[in-house]
Amino acid sequence: MVQESTIFTKIDKERLPAHIAIIMDGNGRWAQEKGEDRLFGHFHGVESVRDIVEASAEIGIQYLTLYAFSTENWDRPQQEVDGLMILLADTINKEVPILNKNNIRLRMIGDMQMLPEFARNGMQEAMDKTSQNTGLNLIMALSYSSRWELVNAVKNIGLAVQAGTINPQDIDAQTLQNHLNTSEFPDPELMIRTSGEHRISNFLLYQLAYAELYFTNTRWPEFRKNNLYEAIIDYQSRERRFGKTSKQIQANNQ
Ligand code: IPE
Ligand code: IPE
Ligand code: MG
């Protein structure tokens, strides 16, 4: 596609974010606008997942975290929750050969114990089968929320203090990092949310401290490679100051 390659060539391949995190939102509204059931939107959202995973692997992104199901999403109507879990297990199962072909390693953050057994087993199997892959890390956030993660981290640090393996005086940012679900991943530099909502919805609250936030009105089932490229180009146009002044940043870049 001519248009796709035009946008693609504008990306500076030397300054890619290592980690992109996406809140995949708007499936339900997209479906309802078409007079369809919400699950129809989730079903079509899988196409976008495929496209964005493929684009990320092609371009050389190292970590892609996809918020697929939050702790709070368990409170949705049972029929939608059941449909999402079946869709998840089916998709994961079908995608493993493609993940392996593209050297993609599947990971998960979130409360795995909350998943129904068939979905939990499917995820575990897919993670095991892709564990040797060294390309893109595809991190699915499932039954995930940041507050759940932080409470767990604090609890585990408390237990380690009680067991005598951590000295409270030594607790620092690294200690907390080590106890997060994301301990093996760098913080995302770019966070994208689709569908026009401007909030974080309990996603990576700690890890997004210095992420560049990108919001688009595009509903997730319509989000494709070009939309991702546009987000990356926008990210590359920003000056990331980390508390310093613009002058300091520019001096450092010279
Ligand atoms: C995101 O789409 C997918 C999940 C949360 C599972 P939504 O289902 O939230 O779609 P909207 O926001 O209702 O349109
Ligand atoms: C956030 O979307 C969670 C996922 C995309 C998985 P929601 O649609 O659940 O978020 P709220 O309820 O609009 O904040
Ligand atoms: Mg939503």
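These numbers come from a predicted model, not from an experiment.

*Asks:* How would you sum up the pattern of salt bridges? Please name residues and give values.
*Replies:* The full count for this structure, using the stated rule, is 18 salt bridges. Three or more residues are tied together by salt bridges with common partners; here these are Asp25, Arg29, Arg193, Glu197 and Arg199.

*Asks:* Tell me about the site of ligand 2, and name the residues and values.
*Replies:* Ligand 2 sits among Ile23, Met24, Asp25, Tyr67, Ala68, Phe69, Ser70, Asn73, Arg76, Arg193, Arg199 and Ser201. A distance of 2.9 Å is found between an oxygen atom of ligand 2 and a side-chain nitrogen or oxygen belonging to asparagine 73. The contact in question runs from an oxygen atom of ligand 2 to an N or O atom on the side chain of arginine 76, over 3.3 Å. Look at ligand 2: alone it shows 390 Å² of surface, and the protein chains cover 78% of it. Among the detected pockets, ligand 2 sits in the largest pocket. The greatest single-element share of the shell around ligand 2, amounting to four residues, is contributed by strand 2 (residues 63-70). Residues belonging to the shell around ligand 2 are distributed by class as follows: five nonpolar, three polar and four charged.

*Asks:* With reference to specific residues and values, describe empty space enclosed by the protein.
*Replies:* All chains considered together, the criterion is met by one cavity of 30 Å³ or more. Contributing to the lining of the largest cavity are His19, Gln177, Thr182, Phe185, Pro186, Asp187, Pro188, Leu204 and Gln207. For the lining of the largest cavity, the per-class residue count stands at four nonpolar, four polar and one charged.

*Asks:* Could you give me a rundown of the pairing of strand 4 (residues 137-144), with the residues and numbers involved?
*Replies:* Consecutive residues of a regular strand have side chains that alternate between opposite faces of the sheet. Judged by how many residues are buried, strand 4 sits mostly within the fold: eight of eight residues are covered. Relative to strand 4, strand 2 is paired through seven bridges, and the arrangement is parallel. Counted as the bridge partner of tyrosine 67 is alanine 141 from strand 4. Here strand 3 (residues 105-109) runs beside strand 4; their pairing, made up of five bridges, is parallel. Counted as the bridge partner of arginine 107 is isoleucine 139 from strand 4. Traced from strand 3 through helix 5 (residues 117-129) to strand 4, the parallel crossover comes out left-handed.

*Asks:* Explain the layout of surface pockets residue by residue, including any values.
*Replies:* Considering only enclosed or pocket space, the largest pocket measures out at about 940 Å³ in volume. Listed by contribution, the elements that provide at least two residues to the lining of the largest pocket are helix 2 (27-33), helix 3 (38-59), strand 2, helix 4 (78-101) and strand 4. With nine residues, the top contributor of residues to the lining of the largest pocket is helix 4. When grouped by side-chain class, the residues that make up the lining of the largest pocket number 21 nonpolar, ten polar and eleven charged.

*Asks:* Describe unusual backbone geometry, naming the residues involved and giving the relevant values.
*Replies:* With phi around 60 degrees, asparagine 103 is a residue other than glycine that occupies positive phi space. Note on placement: asparagine 103 falls in the loop between helix 4 and strand 3. You will see that phenylalanine 242, though not glycine, has its phi angle at about 50 degrees, which is positive. Along the chain, phenylalanine 242 turns up in the loop between helix 8 (225-236) and helix 9 (246-253).

*Asks:* Describe in detail the site of ligand 1, supporting the description with residues and values.
*Replies:* As a matter of local geometry, ligand 1 sits amid Met24, Asp25, Gly26, Asn27, Gly28, Arg29, Arg38, His42, Ala68, Asn73, Arg76 and Leu84. At 2.9 Å from an oxygen atom of ligand 1 is found a side-chain nitrogen or oxygen belonging to arginine 38. Alone, ligand 1 offers 380 Å² of accessible surface; in the complex the protein occludes 88% of this. When atoms are counted within 2 Å of each cavity's grid points, the one that captures over half of ligand 1 is the largest pocket. Among the elements of the structure, helix 2 and helix 3 are those that each provide at least two residues to the shell around ligand 1.

*Asks:* Hey, could you go over the sheet that holds strand 6 (residues 212-215) for me, with residue numbers and the actual values?
*Replies:* Spatially, 3-4-2-1-5-6 is the arrangement adopted by the six strands of the open sheet, whose pairing is parallel. Two strands bound the open sheet, and with one partner strand each, they are strand 3 and strand 6. Adjacent strand axes in the sheet meet at a mean angle of 20 degrees, parallel and antiparallel pairs treated alike. Examined bridge by bridge, strand 1 (residues 19-23) and strand 2 share five bridges and lie parallel to one another. Considered in strand 2, the bridge of alanine 21 is made with threonine 65. Along the sheet, helix 3 contacts strand 1, strand 2 and strand 4; its crossing angle with strand 2, the most-contacted strand, is approximately 160 degrees.

The rules behind the values
Residues numbered from 1 in each chain as written. Chains lettered and ligands numbered in written order. Predicted model: local features only at pLDDT ≥ 70, side-chain atom pairs only at ≥ 80, totals over all residues. Heavy atoms only, no water. Salt bridge = Lys/Arg side-chain N within 4 Å of Asp/Glu carboxyl O. Near = heavy atom within 4 Å. Polar contact = N/O pair within 3.5 Å; in protein donor to acceptor, adjacent residues only side chain to side chain. Areas by Shrake-Rupley, 256 points an atom, 1.4 Å probe, with all protein chains shown as cover. 1 Å grid on protein atoms, 1.4 Å probe; cavity = no way out; pocket = protein on both sides within 12 Å on 5 of 7 lines; lining within 4 Å. Sits in = over half its atoms within 2 Å of the grid points. Helix = DSSP H or I, 4+ residues; strand = E, 2+ residues; numbered from the N terminus. Nonpolar A, V, L, I, M, F, W, Y, C, P; charged D, E, K, R; others polar. Points joined across faces, edges and corners; volume = space filled by probe spheres on them. Buried < 20%, exposed > 50% of the residue type's maximum accessible area, 1.4 Å probe, protein only. Pairing = 2+ DSSP bridges. Right-handed = clockwise from strand over helix to strand, strands pointing away. Axes fitted to C-alpha atoms, helices over the stretch in contact; angles between N-to-C directions. Contact = heavy atoms within 4.5 Å.

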